[in-house]
Amino acid sequence: MLYRENGQFKTTYRADQQIFPITQDRVAIGLMLAFAFIAVPLMASDYLYASILIPLVIMSLAAIGVNILVGYCGQISLGSGAFMAVGAYGAYNFFVRIPGMPLIPTLILGGLCAMSFGILFGLPSLRVKGLYLAVATLAAQFFSDWMFLRIKWLTNDSASGSVSVTQLQVFGLPIQSPVSKYLFCLAVLVIVALLAKNLVRGAIGREWMAIRDMDVAAAVIGIRPMYAKLSAFAVSSFIIGMAGALWAFVHLGSWEPAAFSVEISFRLLFMVIIGGLGSIMGGFFGAAFIVVLPIALNRFLPAFMSLFGIEISTAGVSHAELMIFGGLIVWFLIVEPHGLARLWSMAKQKLRLWPFPH
Amino acid sequence: MKLSKLVVAAAVVAAGAASLSTSAFAQAKEQFFPLLSYRTGPYAPNGTPWANGKQDYIKMVNARDGGVNGVKLTFEECETGYATDRGVECYERLKNKPGVALIDPQATGITFALTEKVPVDKIPLITLGYGLSVAQDGMAFKWNFPLMGSYWTGADILVQHIGKSAGGLDKLKGKKIALVYHDSPFGKEPIPLLQERARMHGFELQLLPVTAPGVEQKATWLQVRQSRPDYVMLWGWGVMNSTALKEAQATGFPRDKLYGVWWAGAEPDVRDVGDGAKGYQALALNGSGTESKVIQDILKNVHDKGQGTGAKDEVGSVLYTRGVIIQMLSIEAVRRAQERFGKGKVMTGEQVRWGMENLSLDQKKLDALGFAGVMRPISTSCADHMGSTWARVQTWDGKKWKMTSDWYQSDDQIIKPLVKAGADKYLADKKLTRRTAADCQS
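What this report covers is the structure whose coordinates are included nearby. Just so you know, these numbers come straight off a predicted model, no measurement behind them.

1. Observations concerning the overall build of chain A
Turning to step 1, where the next piece is worked out: Helix and strand counts for chain A stand at 14 helices and four strands.
Turning to step 2, where the next piece is worked out: Over its C-alpha atoms chain A spans a radius of gyration of 21 Å, differing by no more than 12% from the 21 Å that the globule rule assigns to 358 residues.
Turning to step 3, where the next piece is worked out: Along the three orthogonal principal directions, the C-alpha set of chain A runs to about 65 × 65 × 45 Å.
Turning to step 4, where the next piece is worked out: Across the 358 residues in chain A, those meeting the buried criterion constitute 47%.

2. Overview of the overall build of chain B
Turning to step 1, where the next piece is worked out: Within chain B, the secondary structure is distributed over 16 helices and 14 strands.
Turning to step 2, where the next piece is worked out: Its C-alpha radius of gyration of 22 Å places chain B within 12% of the 22 Å reference for a compact globule of 442 residues.
Turning to step 3, where the next piece is worked out: Oriented by its inertia axes, the alpha-carbon framework of chain B measures out at about 70 × 60 × 45 Å.
Turning to step 4, where the next piece is worked out: Taken over 442 residues, chain B has a buried fraction of 61%.
Turning to step 5, where the next piece is worked out: Of the contacts made within chain B by residues no fewer than 6 positions apart, 70% connect residues no fewer than 24 positions apart.
Turning to step 6, where the next piece is worked out: As presented, chain B carries roughly 16,600 Å² of accessible surface, and 54% of it is formed by carbon and sulfur atoms.
Turning to step 7, where the next piece is worked out: When the 56 positive and 46 negative side-chain charges of chain B are each reduced to one mean point, those points stand 1 Å apart.

3. Considering the interface of chain B and chain A
Turning to step 1, where the next piece is worked out: Counting residues at the interface gives 34 residues for chain B, matched by 34 residues for chain A.
Turning to step 2, where the next piece is worked out: Surface buried jointly by chain B and chain A totals about 2,900 Å² across both partners, of which 54% is contributed by carbon and sulfur atoms.
Turning to step 3, where the next piece is worked out: If you look at where chain B meets chain A, you find three salt bridges.
Turning to step 4, where the next piece is worked out: Residues Glu321 of chain A and Arg86 of chain B are paired through a salt bridge, measuring 3.1 Å at the closest nitrogen-oxygen approach.
Turning to step 5, where the next piece is worked out: The tally of links from chain B across to chain A stands at seven residue pairs in polar contact (both at pLDDT 80 or more).
Turning to step 6, where the next piece is worked out: Going through the elements one at a time, α1 (3-24), β2 (72-79), α3 (84-94), α4 (108-115), α7 (185-188) and α16 (412-430) of chain B are the ones with two or more residues in the side of chain B that touches chain A.

4. Examining the nonpolar core
Turning to step 1, where the next piece is worked out: Within the largest apolar cluster, 133 residues are counted, with the highest numbers of intra-cluster contacts made by Tyr57, Trp263, Tyr280, Leu329 and Phe371 of chain B.
Turning to step 2, where the next piece is worked out: When residues of this core are assigned to their parent elements, the largest contribution, twelve residues, is made by helix α13 (residues 318-341) of chain B.
Turning to step 3, where the next piece is worked out: A domain split of this core shows at least three residues from each of domain 1 (23-149 + 288-384) and domain 2 (152-284 + 393-415) of chain B.
Turning to step 4, where the next piece is worked out: What Tyr280 of chain B contacts, discounting residues up to four positions off in sequence, is Leu234, Leu245, Arg255, Leu258, Tyr259, Gly260, Ala264, Val270, Gln394, Thr395, Trp396 and Trp401 of chain B.
Turning to step 5, where the next piece is worked out: Counting 94 residues, the second largest nonpolar core, distinct from the first, contains Leu56, Tyr182, Ile239 and Leu246 of chain A.

5. Comments concerning the packing of helix α7 (residues 178-201) of chain A against helix α10 (residues 225-252) of chain A
All names here are of chain A.
Turning to step 1, where the next piece is worked out: Two elements in contact, α7 and α10, have axes separated by 12 Å at closest approach and are oriented at 175°. It follows from the interaxial angle that α7 and α10 lie roughly antiparallel. Packed against α7, whose contacting residues are Lys181, Phe184, Cys185, Val188, Val192, Ala196 and Leu199, the element α10 presents Val235, Ile239, Met242, Leu246 and Val250 at the interface.

Cut-offs and rules
Residues numbered from 1 in each chain as written. Chains lettered and ligands numbered in written order. Predicted model: local features only at pLDDT ≥ 70, side-chain atom pairs only at ≥ 80, totals over all residues. Heavy atoms only, no water. Helix = DSSP H or I, 4+ residues; strand = E, 2+ residues; numbered from the N terminus. Rg over C-alpha atoms; globule rule 2.2 N^0.38 Å. Buried < 20%, exposed > 50% of the residue type's maximum accessible area, 1.4 Å probe, protein only. Contact = heavy atoms within 4.5 Å. Areas by Shrake-Rupley, 256 points an atom, 1.4 Å probe, with all protein chains shown as cover. Lys, Arg positive; Asp, Glu negative; His and termini not counted. Charge placed at Lys NZ, Arg CZ, Asp CG, Glu CD. Buried area = accessible area lost by both parts, 1.4 Å probe. Salt bridge = Lys/Arg side-chain N within 4 Å of Asp/Glu carboxyl O. Polar contact = N/O pair within 3.5 Å; in protein donor to acceptor, adjacent residues only side chain to side chain. Core = buried A, V, L, I, M, F, W, Y, C linked by side-chain atoms within 4.5 Å. Domains from an automatic or database assignment. Axes fitted to C-alpha atoms, helices over the stretch in contact; angles between N-to-C directions. Parallel < 35°, antiparallel > 145°, perpendicular 65-115°, else oblique.

Dropping the structure here:
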């Protein structure tokens, strides 16, 4: 009843082209933003910030980046961890080598480093597709692992390869407390998500989708595959690079190349597939699924099992966690291969018709 | 909603409520030890006995002495899988529990990440035999305690031992020593010291990294076969060690020219290789076996009552004993803090830090605690957060580890300047200043 667009007439093209053309959606998004920016800081504990909210926000950002490449442009990539690493170490080098470097330009420069790296490793996409491209981008991952372990200059001559940053601040405000870290990451996420959403709705996004759906047909109607593919690599790796810089600077504080191993590439790909390919919303859902679920399982399994009088060891919990998590991924992909975002839009569709389904 | 779904939902809600209510019943007089561990993943064979030792010692002290001066000891384990992000999550989860004493992250990567966080939360970080080598300088690292040795002291002792077996350190001139190391902060830490020693004695240091977790070492050992180093140092952890030993066997590299750090010298590393590892030598930070009084006490008070963590036949193994030592030092720091801040009280992280900084366990005290023959006396101070830099060398005879050398002490003349320089660089990078003498009293 509530979610119905009866009587909402659009009289201008502008009104028709809004991101959220339905009033209820706009209100809901506004409420959600208010909740994220105002209500959450009033309620959350330090643990919630450090272990769930901040990783969730940063991973959502990275998932949006991966989704642009994999979901919108159809270029399967296993090099996302490498783009994050390049973003993180790039930003780190600007941060320590230039005295008084402010944080926001540092992040953007880190993103730009990742962007050029991404374009470089996106070049094979002009020749190879699908699984072959995935393997080719895996090279980016191994190359970055090698680069940050071996080239001492990149880690500011740290003997162990581990680097750290402190005393972060934005416009004179320190980014030290969990709340400020969370709000800063959230602000970056909201801005980037908005930009990304507009990008995929526009001409460039349509080119990407055309390339994804059938590149030969796209080329026939005048889309330049090279431009479309490389721009997808550029935008995607820029966003992933920023996420990597945030992950390193804000979440970890001190990190080593292993923080951006191939495992993180896989996790990001899972996020996009589970969340929903070709959907900005899917990035959020996927990140929530992959970041929150293992921790939640880990915390509630012992309590749950103790209801039945079963004592479960730490090792047992973590094995069970892996099994349940893996099982859920398989189950989800069978039940809804288009991901959580698809479930979400189906729910919306049903609500629009409710209570009179045809 | 179907009935079955309703039942599941009700159960989940009830589980949540149950976990909340248990924390509400927590008693006031309890000292809490967050235990980070890894019982899964490629490092589990080594992480498990270590975690078991820590747990069993807490259980034993509770059962035998009723805690520390009447303060009960509690713990909660959190699985990290050796992953830094999971370790940080565990730390954040457990740090706010009432009565938190200190934390042993059990992994070098997690130590690096927590070093930034513990000064803010005022929780001491104990990293026995691992972690940041420069953290020995307590004037720069107020909250880090790399007790009993760091990678630098370990590397230094290995060079001394190799020199001795070659007939004097001067005989190392022109020799070639390869370092086969885990390609992570853990494996790279000893390199600055080894480079320093290489310059002093004129041996050639060859660096051969192995990608984590270390199951793929063919290329590395091909290099060993090509360049034929006189000695190989093994800086591995978990599956990397047994793999390296098997590769050495396949390459035909003499095992008695292979020297492991103390993290490559436990039963899980050599058991599968058996006779193939015969003659392999590794540093021993602590003794092992079931003869010592403390292990007997654990067997009597914990395992015989069916309360033991893990298998009984693992009790007394090298890493198990190391876990026991870490927990003993943690509890002794609490006891020491109680001597100053009030017996029978629950200590805060800051008070435990003072206790950790003023540990003084001489042979008599160690004997009383049941640690005779397990470890050497240790005494820390404000400036020295390590307390002892002694280690021995043990040899695998195909069935068990045997102590085969006298005690070595690392050379302060080499390590002190390195530590000082490293700590100064750290302080400069972080724009911090050294602690003052007055700060040592707090």
